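Understanding the architecture of this molecule
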Amino acid sequence: MPTNSLLGLTRLILLAGLSLAGPVLADTEYTDTVVLKNGNTITGNVKGLAQGQLSLDTDAMGTVLIEWDKIAEITSETGMQVETITSDRYFGVLEKPTQNGEIVVNTTTGKKVIPSNNIVHFTPINVSPWKRIQGSLSTGLSYTKSSNVTQYNIHLAALYRSRQHQVAVKYDSIVTRQDSGTTGQIDSGISYKGFRQNGWYGVGFLSFQRNEDLGIDGRGLLGAGLGRNMWETSRSILSLSAGLDVNAEDTTDGSQDSLELFGTLEYLLYKFQGSTTNLAFSTTIFPSLTDSRRVRTQVSTKLRQELFDNFFWGLTFYATSDNQPPLGALSKNDYGLITSVGWSFGP
């Protein structure tokens, strides 16, 4: 090919590439405005409100987190899904309020004025599904020389939430090594919540568990029920749920299937004192319908303290019990305290 023709073709390809890349290379427009109670104004793109903190993407400072009770007003041209403490949902852009402490949502049926302290969270309506995913990864290791016991743990979790649905997956593993041998615990599964009005939601779960100390080589649970957020603010949630589950167990005493009731109480608390502190408490009771004498319980308390950026330090207390464990179980109860460090991601 002649040199002039080759140069001409190269220029044409470069021009075409630049024209396609133009929207990507162009500067991002920051059109949302956040006014703080101290009078400062920050311009950026609102990414959402979760766990009592507003996430704002800015030009100079990157993504910043602002405590919700420090904000006087917000305006945003991006369509938002706004949820209140009564689980009401509104969809629209956020307009300038007439007074501080209010959020104005311009919906298709008119403007809705909501006190700021009645708002639990909000997210952009057209955000990519991948950007709705949040989660964490943590691990820990401990060693006691006097008893020659080594214990390590791994925790993986991810959660996706849309307008009406929430899907969560988790994997927790604890391995203990000592002179008498190695024992392990596994608690993994997937759970679903379908949100309704007035704080009600449907719940379903599928999980796999293992606890050698309690004589459980493998346990599969499939359950469904109904729950409600009894109390919800931007900084705390208290919820109750109940239903039925099928319990298929492979134990040291053989295999067995049973039908159980379940009842769960969950409490989440978020605190901000220079850095974020999260507290999550959960307790579930499983009275058996197949064997009325058997009752199982699970308790978990997790404290997480932010170290820097998305890295955190965690402390977990867990306890499980079974008043009718299979033959060969080492105990009716199992409990422990775990420390770990980890990394979180998502909104």
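Details of the structure are given in the entry above.
What this report covers is the structure whose coordinates are included nearby. (Residues numbered from 1 in each chain as written. Predicted model: local features only at pLDDT ≥ 70, side-chain atom pairs only at ≥ 80, totals over all residues. Heavy atoms only, no water.)

Section: the pairing of strand β4 (residues 63-67)
Summarising the sheet, strand β3 (residues 53-57) and β4 pair through five bridges and their orientation is antiparallel. By the bridge assignment, Leu56 is partnered in β4 with Val64. Hairpin geometry of β3 and β4 is characterised by an intervening segment of five residues between the two adjacent antiparallel strands and by a positive phi of about 70° at Gly62. (Pairing = 2+ DSSP bridges. Helix = DSSP H or I, 4+ residues; strand = E, 2+ residues; numbered from the N terminus.)

Re the pattern of salt bridges
For the structure shown, the criterion picks out 15 salt bridges. In this structure, the salt-bridge partner of Lys170 is Asp187, at a minimum N-O distance of 3.2 Å. In this pair, Lys170 is assigned in strand β12 (residues 165-178) and Asp187 in strand β13 (residues 181-195), connecting sequence segments 17 residues apart. Beyond isolated ion pairs, a larger network of salt bridges with shared partners links Glu67, Asp69, Lys70 and Arg235. (Salt bridge = Lys/Arg side-chain N within 4 Å of Asp/Glu carboxyl O.)

Quick notes on the packing of aromatic side chains
Under the defined criterion, the tally for this structure stands at five aromatic pairs. Pairing Phe195 with Tyr201 gives two aromatic rings, centres 6.4 Å apart and planes at 65°, and the pair type is edge-to-face. Like Phe195, the residue Tyr201 is buried in the burial classification. With centroids separated by 5.2 Å and ring planes inclined at 75°, the aromatic side chains of Phe205 and Phe262 adopt a geometry described as edge-to-face. Of the two residues, Phe205 is situated in strand β14 (residues 200-211) and Phe262 in strand β17 (residues 254-272); the sequence distance between them amounts to 57 residues. No difference in accessibility class separates Phe205 from Phe262, as the two residues are buried. The residue whose ring lies beneath Arg161 is Phe195, and the NZ or CZ to ring-centre distance is 4.1 Å. (Phe/Tyr/Trp six-rings, centres within 6.5 Å; stacked < 30°, edge-to-face > 60°. Buried < 20%, exposed > 50% of the residue type's maximum accessible area, 1.4 Å probe, protein only. Lys NZ or Arg CZ within 6 Å of the ring centre and 35° of its normal.)

Some details on the nonpolar core
With 21 residues, the main nonpolar core has Leu54, Trp68, Ile74 and Phe122 as its most contacted residues. Elements with a contribution of two residues or more to this core: β1 (32-36), β2 (41-50), β3, β4, β5 (71-84), β6 (89-95), β7 (102-107) and β9 (119-124). Counting residues per element, this core draws most heavily on β5, at four residues. For Ile74, the contacting residues outside a window of four places in its chain are Thr33, Val34, Val46, Leu54, Trp68, Leu94, Glu95, Pro97, Ile103 and Phe122. Core analysis: the next-biggest nonpolar cluster, separate from the first, contains seven residues, Phe195, Phe205, Leu221 and Phe262 among them. (Core = buried A, V, L, I, M, F, W, Y, C linked by side-chain atoms within 4.5 Å. Contact = heavy atoms within 4.5 Å.)

Description of a nonpolar patch on the surface
Judged by side-chain polarity, Leu137, Ile154, Leu156, Tyr171, Leu303, Leu307, Phe308, Phe311, Trp313, Val341, Trp343 and Phe345 come together as a nonpolar surface patch covering roughly 1000 Å² of accessible area. When contributions to the nonpolar patch are tallied by element, the ones reaching two or more residues are β11 (149-161), β19 (295-308), β20 (311-322) and β21 (333-345). One can find Phe308 in strand β19. (Patch = residues over 30% accessible without salt bridge, like charges linked within 9 Å, V, L, I, M, F, W, Y side chains within 5 Å. Areas by Shrake-Rupley, 256 points an atom, 1.4 Å probe, with all protein chains shown as cover.)

Some details on the side chain of Ser340
In this fold, Ser340 is placed in strand β21. Classification of Ser340 as buried rests on a relative accessible area of 11%. Setting aside residues up to four positions removed in sequence, Ser340 forms contacts with Ser138, Thr139, Gly140, Asn153, Phe312, Trp313 and Gly314.

A short note on the side chain of Gln151
Assignment of secondary structure puts Gln151 in strand β11. Only 3.1 Å separates the side chain of Gln151 from the side chain of Thr176, close enough to count as a polar contact. Discounting chain neighbours no more than four positions away, the residues touching Gln151 are Gly140, Leu141, Ser142, Ile174, Val175, Thr176 and Leu337. (Polar contact = N/O pair within 3.5 Å; in protein donor to acceptor, adjacent residues only side chain to side chain.)

Notes on the pairing of strand β15 (residues 216-232)
Pairing between β14 and β15: eleven bridges, direction antiparallel. Note on β15: the bridge partner recorded for Trp200 is Arg228. Two strands pair when backbone bridges link them, and β15 and strand β16 (residues 236-251) are joined in this way by 15 bridges, in the antiparallel orientation. The residue bridging Trp231 from the neighbouring strand is Leu238, located in β16. Here β15 hands over to β16 after three residues, the two strands then running antiparallel side by side.

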